Amino acid sequence: MLEADIIKGVRQGDENTYIFLFREYYVSLCAYSKRFVGRSDVAEDIVSGTFFRIWENKNKIDIRSSVKAYLFQAVCNNSLDYLRKLKKEERLEQYFRDTNNIGFSITSDETTKQNLLPEDLEEKIENAICNLPPQQQKAFRLKRFQGKKNKEIAEIMGLSVKTVEMHLSKAMINLRENLKDYLPSFLLFILFKRT
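Moving on to the overall build of the protein. Summing up its helical and strand segments, the protein has 11 helices and zero strands in all. Its helices and strands taken in sequence order, the protein reads α-α-α-α-α-α-α-α-α-α-α from the N to the C terminus. The buried share of the protein, reckoned over its 195 residues, is 38%. For the protein, the share of sequence-separated contacts (at least 6 apart) that also reach a separation of at least 24 residues comes to 62%.

Set out below in structure tokens:
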């Protein structure tokens, strides 16, 4: 199907379009959501719920890029919302502590890495931030620790907003790579540091 036809079908609530999208992206969207929430069953619920909400709000849908990008962004947002809800209900720590609920297991060799004390994790994160290139580090610190908006960061650093977005994106890629042994702890740090 052509992209324009898919977007039109989504907005018009065309059943065949939704069936096509479901068949085309359901499995990969579930795998994507599981990277955030750690559980296959939760990921499947999030993806199904995302499709349902898109159907319900089809008249308000504003797809500015591709339908695929829109779906992945929606699933990402809904996965993070799920984790925020757990945090609000004070069940997040138990959720990630219960290894039976996680989509991966922790071996005895990995226990030290995965079960860092908070201060140890903070130190690892700070070291990783310090190792970022200067512009990435400055943009990241302004965003994460001072709560600045991209436009404000651009003014402070004398850069365009697009350049700031590029630095933030590269910083996140570098940090995820450097802290991959400490996920999901790093994911939680990024999500909830300022909440």
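This next bit is on the packing of aromatic side chains. Scanning the entire structure with this criterion turns up five aromatic pairs. Ring centres of Tyr-32 and Phe-36 lie 5.3 Å apart, and the angle between their planes is 90 degrees; on these two criteria the pair is classed as edge-to-face. Separated by four residues within a single helix, Tyr-32 and Phe-36 lie in helix H2 (residues 15–37), roughly one turn from each other. Three or more aromatic residues joined by ring pairs form one cluster here, namely Phe-22, Tyr-26 and Phe-51. In this structure, Lys-58 packs its charged tip against the face of Trp-55, placed 4.5 Å from the ring centre.

To continue, consider the pattern of salt bridges. A side chain of one charge can pair with a side chain of the opposite charge if their charged atoms are brought near each other. Going through the model one piece at a time under the given rule, you end up with four salt bridges. Linking Asp-41 and Arg-39 is a salt bridge whose minimum nitrogen-to-oxygen distance equals 2.6 Å. According to the relative accessible area criterion, Asp-41 is partly exposed, its value standing at 38%. Between Lys-162 and Glu-165 there is a salt bridge, with the nearest N and O atoms lying 4.0 Å from each other. Placement of both Lys-162 and Glu-165 in helix H10 (residues 161–178) is noted, with a separation of three residues, approximately one turn of the helix.

Once that is clear, we can look at helix H4 (residues 67–88). Compared with an ideal rise of 1.5 Å per residue, which puts 22 residues at 32 Å, H4 spans 31 Å between its outermost C-alpha atoms and is within 8% of the ideal. Looking at H4, one finds that the buried residues are Val-67, Leu-71, Phe-72, Ala-74, Val-75, Cys-76, Asn-78, Ser-79, Leu-80, Leu-83 and Leu-86.

Axes are the key here: two packed helices are described by the angle between their axes and the distance separating the axes. Where H2 contacts helix H3 (residues 40–56), the two axes come as close as 8 Å, and the packing angle between them is 140 degrees. The angle between H2 and H3 places the two elements in the oblique class. As for how H2 packs across H3, the hand of that crossing is right-handed. For the pair H2 and H3, contact is made by Glu-15, Tyr-18, Leu-21, Phe-22, Tyr-26, Leu-29, Cys-30, Ser-33, Lys-34 and Val-37 and by Ser-40, Val-42, Ala-43, Glu-44, Ile-46, Val-47, Ser-48, Phe-51, Ile-54 and Trp-55, respectively. Across the contact of H2 with H3, the residue classes tally to 14 nonpolar, three polar and three charged.

Okay, the nonpolar core next. Formed by 28 residues in total, the largest nonpolar core has its most connected members in Val-10, Leu-21, Leu-29, Val-37, Val-47, Val-67 and Leu-71. Of all elements in the fold, only helix H1 (3–12), H2, H3 and H4 reach the threshold of two or more residues within this core. It is H2 that contributes the most residues to this core, nine residues altogether. In contact with Val-10, other than residues within four places in its own chain, are Thr-17, Tyr-18, Leu-21, Ile-54, Lys-58, Ile-61 and Ile-63. One finds Ile-125, Leu-132, Phe-140 and Leu-179 within the second-largest nonpolar core, a separate group that totals nine residues.

Moving on: the environment of Ser-160. Note on placement: Ser-160 falls in the loop between helix H9 (150–157) and H10. A relative accessible area of 39% means that Ser-160 is categorised as partly exposed. Along the backbone, Ser-160 and Asn-150 are 10 residues apart, and their C-alpha atoms lie at a distance of 9.2 Å. At 2.8 Å, the side chain of Ser-160 and the side chain of Thr-163 are in polar contact.

About the criteria used
Residues numbered from 1 in each chain as written. Predicted model: local features only at pLDDT ≥ 70, side-chain atom pairs only at ≥ 80, totals over all residues. Heavy atoms only, no water. Helix = DSSP H or I, 4+ residues; strand = E, 2+ residues; numbered from the N terminus. Buried < 20%, exposed > 50% of the residue type's maximum accessible area, 1.4 Å probe, protein only. Contact = heavy atoms within 4.5 Å. Phe/Tyr/Trp six-rings, centres within 6.5 Å; stacked < 30°, edge-to-face > 60°. Lys NZ or Arg CZ within 6 Å of the ring centre and 35° of its normal. Salt bridge = Lys/Arg side-chain N within 4 Å of Asp/Glu carboxyl O. Expected span 1.5 Å × (residues − 1). Axes fitted to C-alpha atoms, helices over the stretch in contact; angles between N-to-C directions. Parallel < 35°, antiparallel > 145°, perpendicular 65-115°, else oblique. Left-handed = near helix turned anticlockwise from the far one by under 90°. Nonpolar A, V, L, I, M, F, W, Y, C, P; charged D, E, K, R; others polar. Core = buried A, V, L, I, M, F, W, Y, C linked by side-chain atoms within 4.5 Å. Polar contact = N/O pair within 3.5 Å; in protein donor to acceptor, adjacent residues only side chain to side chain.

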